Amino acid sequence: DVKVTQSSRYLVKRTGEKVFLECVQDMDHENMFWYRQDPGLGLRLIYFSYDVKMKEKGDIPEGYSVSREKKERFSLILESASTNQTSMYLCASSGGQGSYGTGELFFGEGSRLTVL
Amino acid sequence: QKEVEQNSGPLSVPEGAIASLNCTYSDRGSQSFFWYRQYSGKSPELIMFIYSNGDKEDGRFTAQLNKASQYVSLLIRDSQPSDSATYLCAVNEGFQKLVFGTGTRLLVSP
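The sections below set out a description of the structure shown in this document. (Residues numbered from 1 in each chain as written. Chains lettered and ligands numbered in written order. Predicted model: local features only at pLDDT ≥ 70, side-chain atom pairs only at ≥ 80, totals over all residues. Heavy atoms only, no water.)

Quick word on the overall build of chain B
Right, so step 1: In terms of helices and strands, chain B carries 0 helices and 11 strands.
Right, so step 2: Of the regular secondary structure in chain B, the N- to C-terminal order runs β-β-β-β-β-β-β-β-β-β-β.
Right, so step 3: Over its C-alpha trace chain B gives a radius of gyration of 13 Å, about what one expects of a compact globule, namely 13 Å for 110 residues.
Right, so step 4: With the principal axes as the frame, chain B shows a C-alpha extent of 40 × 30 × 20 Å.
Right, so step 5: Considering only contacts within chain B whose residues lie at least 6 apart along the sequence, 52% involve residues at least 24 apart.
Right, so step 6: Each charge class in chain B was averaged separately, 10 positive and 11 negative side chains, and the resulting centres sit 4 Å apart. (Helix = DSSP H or I, 4+ residues; strand = E, 2+ residues; numbered from the N terminus. Rg over C-alpha atoms; globule rule 2.2 N^0.38 Å. Contact = heavy atoms within 4.5 Å. Lys, Arg positive; Asp, Glu negative; His and termini not counted. Charge placed at Lys NZ, Arg CZ, Asp CG, Glu CD.)

The structure is reproduced here in structure tokens:
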């Protein structure tokens, strides 16, 4: 069974802390994505990666960075957490290359981050 | 930025009825379209995708695409209470980047 695993389901952090969200997929997928989901705003793409050591900015990259040192692992980093980064963070992966693929994203269970 | 618009709902239908969920998108050049279902507290999962104008059927689900009107819809026949969820429309922006709508919440009453 395909699996995308996010390291933490719930986190509570303080403003200014550095936060790491880890994501691992076991499907040998090339593409990995980080989204955040907020009520009324839907899913918004933060960063994505098509290959090891490469990254591309999504629609809302400010305040975030990512790391992809191994194909199966994609980490989201909040260098200095702020209250407006309180959200549900969803990691996803997809296989295939090229422009349009199948669009089938496999999502992890999500990490709910609260920044106080 | 490409936009995908959905009515947030909730859309309430009785069990056994047809539920019709609608989505419009801004980029006339968009090529591929997706419907994801998200149960409360869970992650989205793909239900269907459609690339060509017209209808695509899969069991009780039918996706409809009209590129001229920039309109995608999802019909759910014989709706069941287990279909109650939020349905997310998504458009491929290219290179497998999806732009999601904010979702329509569907409630199917027994």
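Side note on empty space enclosed by the protein
Using a probe with the size of a water molecule, rolled over the atoms, empty space left in the structure can be pinpointed.
Residue and element names in this part refer to chain B.
Right, so step 1: Overall, the coordinates contain 1 cavity of 30 Å³ or more when judged by the stated rule.
Right, so step 2: Taken as a whole, the largest cavity spans an internal volume of roughly 30 Å³.
Right, so step 3: Forming the walls of the largest cavity are Lys2, Glu3, Val4, Tyr25, Ser26, Asp27, Ser30, Val91 and Val99.
Right, so step 4: Broken down by class, the residue content of the lining of the largest cavity amounts to 4 nonpolar, 2 polar and 3 charged. (1 Å grid on protein atoms, 1.4 Å probe; cavity = no way out; pocket = protein on both sides within 12 Å on 5 of 7 lines; lining within 4 Å. Points joined across faces, edges and corners; volume = space filled by probe spheres on them. Nonpolar A, V, L, I, M, F, W, Y, C, P; charged D, E, K, R; others polar.)

A few points about the interface of chain B and chain A
Interface size is commonly expressed as the accessible area that is lost once the parts come together.
Right, so step 1: Taken together, the contact between chain B and chain A spans 22 residues of the former and 30 residues of the latter.
Right, so step 2: Summing both partners gives a buried area of about 2,000 Å² for chain B against chain A, and 51% of it is carried by carbon and sulfur.
Right, so step 3: Taken together, the connections running from chain B to chain A amount to 0 salt bridges.
Right, so step 4: For the pair chain B and chain A, the number of links is 4 residue pairs in polar contact (both at pLDDT 80 or more).
Right, so step 5: If you list the elements that add at least two residues to the side of chain B that touches chain A, you get strand S4 (33-38), strand S5 (45-50), strand S9 (85-94) and strand S10 (97-100) of chain B. (Buried area = accessible area lost by both parts, 1.4 Å probe. Salt bridge = Lys/Arg side-chain N within 4 Å of Asp/Glu carboxyl O. Polar contact = N/O pair within 3.5 Å; in protein donor to acceptor, adjacent residues only side chain to side chain.)

What about the environment of Phe33 of chain B?
Residues and elements named next belong to chain B.
Right, so step 1: Tracing the chain through its elements places Phe33 in strand S4.
Right, so step 2: With relative accessibility at 1%, the residue Phe33 sits in the buried group.
Right, so step 3: Along the backbone, Phe33 and Pro44 are 11 residues apart, and their C-alpha atoms lie at a distance of 15 Å.
Right, so step 4: Once you skip the residues sitting within four places of it in the chain, Phe33 turns out to touch Tyr25, Met48, Phe49, Ile50, Leu65, Lys67, Val72, Ala90 and Val91. (Buried < 20%, exposed > 50% of the residue type's maximum accessible area, 1.4 Å probe, protein only.)

Focus on the state of the cysteines
Right, so step 1: All chains considered together, the criterion is met by 2 disulfides over all chains.
Right, so step 2: A sulfur-sulfur separation of 1.9 Å characterises the disulfide bridge that pairs Cys23 of chain A with Cys91 of chain A. Across the S-S bond of Cys23 of chain A and Cys91 of chain A the torsion is about -75°, and the bridge reads as left-handed. Residue Cys23 of chain A is located in strand S3 (residues 19-25), and its partner Cys91 of chain A is located in strand S9 (residues 87-94); the two are separated by 68 residues in the primary sequence. Side by side, Cys23 of chain A and Cys91 of chain A carry an identical accessibility label, which is buried.
Right, so step 3: Note that Cys23 of chain B is cross-linked by a disulfide to Cys89 of chain B, the S-S spacing being 2.1 Å. (Disulfide = S-S within 2.5 Å.)

Quick notes on the packing of aromatic side chains
Right, so step 1: Taken as a whole and assessed by the stated rule, the structure comprises 12 aromatic pairs over all chains.
Right, so step 2: Relative to Phe100 of chain B, the ring of Tyr35 of chain A lies with its centre 5.5 Å away and its plane at 90°, an arrangement referred to as edge-to-face. Linking Tyr35 of chain A in strand S4 (residues 31-38) with Phe100 of chain B in strand S10, this pair reaches from one chain into another.
Right, so step 3: Judged by centre distance (5.1 Å) and plane angle (65°), the ring pair of Phe48 of chain A and Tyr50 of chain A falls under edge-to-face.
Right, so step 4: Here the aromatic residues Phe33, Tyr35, Phe48, Tyr50 and Phe107 of chain A together with Tyr36 and Phe100 of chain B are joined through ring pairs into a cluster of three or more.
Right, so step 5: Over the face of the ring belonging to Phe49 of chain B we find Lys56 of chain B, whose NZ or CZ atom lies 3.7 Å from the ring centre. (Phe/Tyr/Trp six-rings, centres within 6.5 Å; stacked < 30°, edge-to-face > 60°. Lys NZ or Arg CZ within 6 Å of the ring centre and 35° of its normal.)

Treat this as a map of the structure, not an account of what it does.
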